[in-house]
Structures are given as C-alpha cells and as structure tokens.
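Breakdown of the fold
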Amino acid sequence: MDDDVFLVRFWGVRGSISVSGPEFSRYGGNTICIEMRCGKHTLLFDAGSGLRPAGGALQALAVTDFDLLFTHCHYDHIIGLPSFAPIYDRSVKVTLWSGHLAGHMTTRQMVDEFMRPPWFPVKLEICKASLDYRDFVSGDVLRPREGVVVRTGSLIHPGGCIGYRVEWGGRVVAVITDTEHEPDKLDQAVLGLIEDADLVIYDCTYTEEEMERRRGYGHSTWQQGVKLCEVAGARGLALFHHDPTRTDAELDEIEKLAKDRFTGAFAARDGQTLKFPVSLRKKR
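Please read these numbers as outputs of a predicted model, since none were measured by experiment. (Residues numbered from 1 in each chain as written. Predicted model: local features only at pLDDT ≥ 70, side-chain atom pairs only at ≥ 80, totals over all residues. Heavy atoms only, no water.)

1. Considerations on the sheet that holds strand β7 (residues 141-145)
Cut-off, in case you're wondering: Being paired, for any two strands, means DSSP has found at least two bridges between them. Per the convention used, a helix needs a DSSP run of H or I reaching at least four residues, while a strand needs a run of E reaching at least two, with both numbered from the N terminus. Interaxial angles span 0 to 180 degrees and are taken between N-to-C directions of axes, which are lines fitted to C-alpha atoms, for helices over the stretch in contact. A contact between two residues is defined here by any heavy atoms of the two lying within 4.5 Å.
Pairing is mixed in the open sheet, where seven strands are placed in the order β7-β8-β9-β10-β11-β12-β13. If you trace the sheet from one side to the other, it starts and ends with β7 and β13 (265-267), each paired once. Each adjacent strand pair in this sheet contributes to an overall mean axis angle of 20°, direction not counted. Relative to strand β10 (residues 171-176), strand β9 (residues 161-168) runs antiparallel, the two being bridged by five bridges. The residue of β10 that forms the bridge with Val-166 is Val-173. Helix-sheet contacts for helix α6 (residues 222-232) involve β11 (199-203) and β12 (237-240), and the interaxial angle to β12 is about 160°. Contacting β12 and β13, helix α7 (residues 248-261) crosses the sheet at an angle of about 175° to β13.

2. As for the pattern of salt bridges
The line we're drawing: Here, a salt bridge means any side-chain nitrogen of Lys or Arg that lies within 4 Å of a carboxyl oxygen of Asp or Glu. The buried label applies to any residue whose accessible area, calculated with a 1.4 Å probe on protein chains only, is under 20% of its type's maximum; exposed applies above 50%, and partly exposed to all values in between.
All told, the structure shown has 17 salt bridges when counted by the stated rule. Of the charged contacts in the structure, one is a salt bridge between Arg-165 and Glu-167, with a shortest N-O distance of 2.7 Å. Taking the relative accessible area as the measure of exposure, Glu-167 reaches 12% and is therefore buried. Taken together, the salt bridges that share partners define one network made up of Arg-171, Asp-196, Asp-198 and Arg-235.

3. Thoughts on α7
How we decide: For a helix, the expected span equals 1.5 Å multiplied by the number of residues minus one. Here the arc refers to the set of directions running from the helix axis out to each C-beta atom.
Between its terminal C-alpha atoms α7 stretches 20 Å, which fits the 20 Å expected from 14 residues at 1.5 Å a residue. Listed as buried for α7 are Asp-248, Leu-251, Ile-254, Glu-255 and Ala-258. For α7, the arc enclosing every buried residue in end-on projection is 120°, short of the 170-degree limit, so these residues lie on one face. What points out from α7, more than 90 degrees from its buried face, is the exposed set Ala-249 and Asp-260. Those residues of α7 that are buried are in contact with α6, β12 and β13.

4. Things to note about the layout of surface pockets
Put simply, the rule reads: In this analysis, the protein atoms alone were mapped onto a 1 Å grid. Cavities are point sets where a 1.4 Å probe fits without being able to get out; pockets are open sets with protein on both sides within 12 Å along at least five of seven lines; lining residues have an atom within 4 Å of a point. Grid points are joined across faces, edges and corners, and a volume is the space filled by probe spheres set on the points. Note on residue classes: Ala, Val, Leu, Ile, Met, Phe, Trp, Tyr, Cys and Pro are nonpolar, Asp, Glu, Lys and Arg are charged, and everything else, Gly too, is polar.
For the largest pocket, the calculated volume is near 230 Å³. Forming the boundary of the largest pocket are Phe-70, Cys-73, Tyr-75, Ile-78, Leu-81, Met-105, Met-110, Val-111, Glu-113, Phe-114 and Trp-119. Classifying every residue of the lining of the largest pocket gives ten nonpolar, no polar and one charged.

5. Here's the deal with empty space enclosed by the protein
Counted by the stated rule, this structure contains three cavities of 30 Å³ or more. In this structure, the largest cavity encloses a volume near 40 Å³. Taken together, Thr-179, Glu-180, His-181, Lys-185, Asp-187, Val-190, Tyr-202, Gln-224 and Leu-228 make up the full set of residues lining the largest cavity. Tallied by class, residues from the lining of the largest cavity come to three nonpolar, three polar and three charged.

6. So, the packing of aromatic side chains
The condition that has to hold: Classification of ring pairs uses Phe, Tyr and Trp, with its six-membered ring standing for Trp, and accepts pairs whose centres are within 6.5 Å; under 30 degrees between planes counts as stacked, over 60 as edge-to-face, and the remaining range as tilted. Here, a charge over a ring is recorded when the distance from Lys NZ or Arg CZ to the ring centre is within 6 Å and its angle to the ring normal is within 35 degrees.
Enumeration over the complete set of coordinates arrives at five aromatic pairs. Measuring from ring centre to ring centre gives 6.2 Å for Phe-6 and Trp-168, while their planes differ by 75°; the resulting arrangement is edge-to-face. Of this pair, Phe-6 sits in strand β1 (residues 5-12) while Trp-168 sits in strand β9, and the two are 162 residues apart along the sequence. One aromatic cluster is present, built from ring pairs that chain together Phe-45, Phe-136 and Tyr-164. When the ring centre of Tyr-27 is taken as reference, the NZ or CZ atom of Arg-269 above it lies at 4.4 Å.

7. Concerning the nonpolar core
How we decide: Put simply, buried Ala, Val, Leu, Ile, Met, Phe, Trp, Tyr and Cys residues joined by side-chain atoms within 4.5 Å make one nonpolar core.
Core analysis: the largest hydrophobic core is formed by 31 residues, its most contacted members being Val-8, Phe-10, Met-36 and Ile-201. If you tally residues by element for this core, the top one is β9, at four residues. Ignoring any residue separated from it by four or fewer positions in sequence, one finds Met-36 in contact with Phe-6, Leu-7, Val-8, His-41, Thr-42, Leu-43, Phe-45, Val-166, Val-173, Val-175 and Ile-201. Counting 29 residues, the second largest nonpolar core, distinct from the first, contains Ala-54, Ala-57, Met-115 and Phe-120.

8. Topic: the side chain of Asp-46
So the rule is basically this: What qualifies as a polar contact is a pair of N or O atoms within 3.5 Å, subject to a donor-acceptor requirement within protein and to the restriction that residues adjacent in sequence count only when both atoms come from side chains.
Considering the arrangement of structural elements, one finds Asp-46 in the loop between β3 (41-45) and α1 (51-60). In terms of polar contacts, Asp-46 uses its side chain to reach the side chain of His-77, at 2.6 Å.

9. Thoughts on the UniProt feature "domain: Metallo-beta-lactamase" (unreviewed entry) in the protein
Note the threshold: UniProt positions are given in the numbering used here, feature names are shortened, and annotations may be inferred rather than shown by experiment.
Those residues carrying the UniProt feature "domain: Metallo-beta-lactamase" (unreviewed entry) are residues 41-242 in this numbering. Helix makes up 22% of residues 41-242 and strand 29%, with an end-to-end C-alpha separation of 28 Å.

10. Here's the deal with α1
Along an α-helix, a turn takes 3.6 residues, which lines up residues three or four apart on a common side. What α1 keeps buried is the set Leu-51, Ala-54, Gly-55, Ala-57 and Leu-58. Down the axis of α1, the buried side of the element spans an arc of 165°, and every buried residue falls inside it. What points out from α1, more than 90 degrees from its buried face, is the exposed set Arg-52 and Ala-60. Residues of α1 that are buried make contact with β1, β2 (33-38), β3 and β4 (65-69). At the C-terminal side of α1, Ala-62 shows a positive phi close to 60°.

Okay, structure coming up:
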C-alpha cells in the first residue's frame, strides 16, 4: 500500500436499489460502498451491494484490520453486509461505527437485528471475524486510526443520516449521501463538513426539476451539490447515489451539465479510483 497517498475507491454508487443491464454497465449498478485508504489504514463507508466486491479486494490484498462506518441503515446501505466475506474470516478484525440511531439503537443492535432470521438464514454468531462495535453522537470527532480524523454531522433524511469529513495527511474527503436540501437554502452543517475539501461525494439522486415531486424522500440534486462546493471552496464533486432508473446515457448528460457549471464535477462509477498524494498539500 502507498503510505503517502489518500486513495478513494467507489465500490457502489447507485441509490435505493441495485440495478443491472447493458444500459447501466458503465456507471454500475451496485448500491453504496466507498473505500478510503489513508496510507496503511483502510476505512469503508456503508455496506450496500458494493461491499461484496470490496470484500474480495481486501482479501486479495490481505487487509485484515479496518473500519466500516455507516451513514444510516436503510436497505440500500446495508444489504451487502451478509455477503461481505471478511466477516467470516477468523483472522480479520472489523470496527463498525454508527451514530444516526444514537439513543435509540446501538451499532451492535442494528447489525444483529438485520443479520438474523427471518431476514437472514442464520444469526450474527456465524461471523468468525472479531467485530468491534462503536457508537457515537452526531457532531463527535472520531479518531479511528492514528493520524485519521473523522468529523461527523447530521444530514436531512427520514430516520436520520450521518455525513462524514475524513482528514488525513493534509487531505479532506467528505461523504454527504442521503440528504435533502431546502429550496434556496444552503445547509450549514453540510458546508461545515465540506469546507475546503479535495473531494465532496454528494447525493445527486435527482435534478432540481424532479425535486418538485420528490420532496420528503430525503435526497438532493447535482445543482445543489455545485452550489455547496462553490461556497465551501471544495475542489472536486463526485455525483453519487444515482437514481436506479438513470441510464449511462442520462448520467453522461448530467455529468456534462455539472462540469459546465463546476469543472471539478464528475459522475462517480463503480470501480473508479482517485488518488490524492499527501505531498501536494501541507498536513493540517
């Protein structure tokens, strides 16, 4: 692994439900899963269907100690957990984090309720890896690994959702998925999480035209992502959590429109990898 590179890899970029077919082949059909590699430290964000291939890649690299942070526990963000091979490996240690249900349900309870009959054939005890569960409250600053700082904040989504700001080696990457903006208003919590970020991974499920009939679903638009990044001084914008009906051709068009407004914008794809060398910016 590169000890002087902040790596971001998209294992799942689709929202709501996974899709397949030739019209989705380029951007991919897996639901949400992001890998961040801060030098020798590996963090995963969300456990959508993209977690399954992520698990295979971690095993191939013999990564046996890492963190998995949940934004929330709607199906498209946790459905890949039972198919995540590392949790059945005795040599693996995984630290699981959540804060969206603080005061109502612990991280251990959330996972246990999902991986049990009748929703899953067997109970959580089938997992042989060492699973460590960590709970936090929105606004907490997490330090999961040496030198890695993760700031947290609440997003606007039914049932609650957590946004993350990951800082390491002078680089900043923010995960802002599943949030709904108010018309003509910039979310101050989001602005705080994305300020001066190298990359903002943002919920762009809808367009502004579609939002008129999608209020209350808990999602945002690429147009709002551009506005937020411009005000926050962010340099990159990954359009993310693609609507499951959005074809490759439609995402191509949305990406073009976004780039015309903000040069650092792009539509994220399954398997896409970005690298941010630490040496380019002073360590904070």
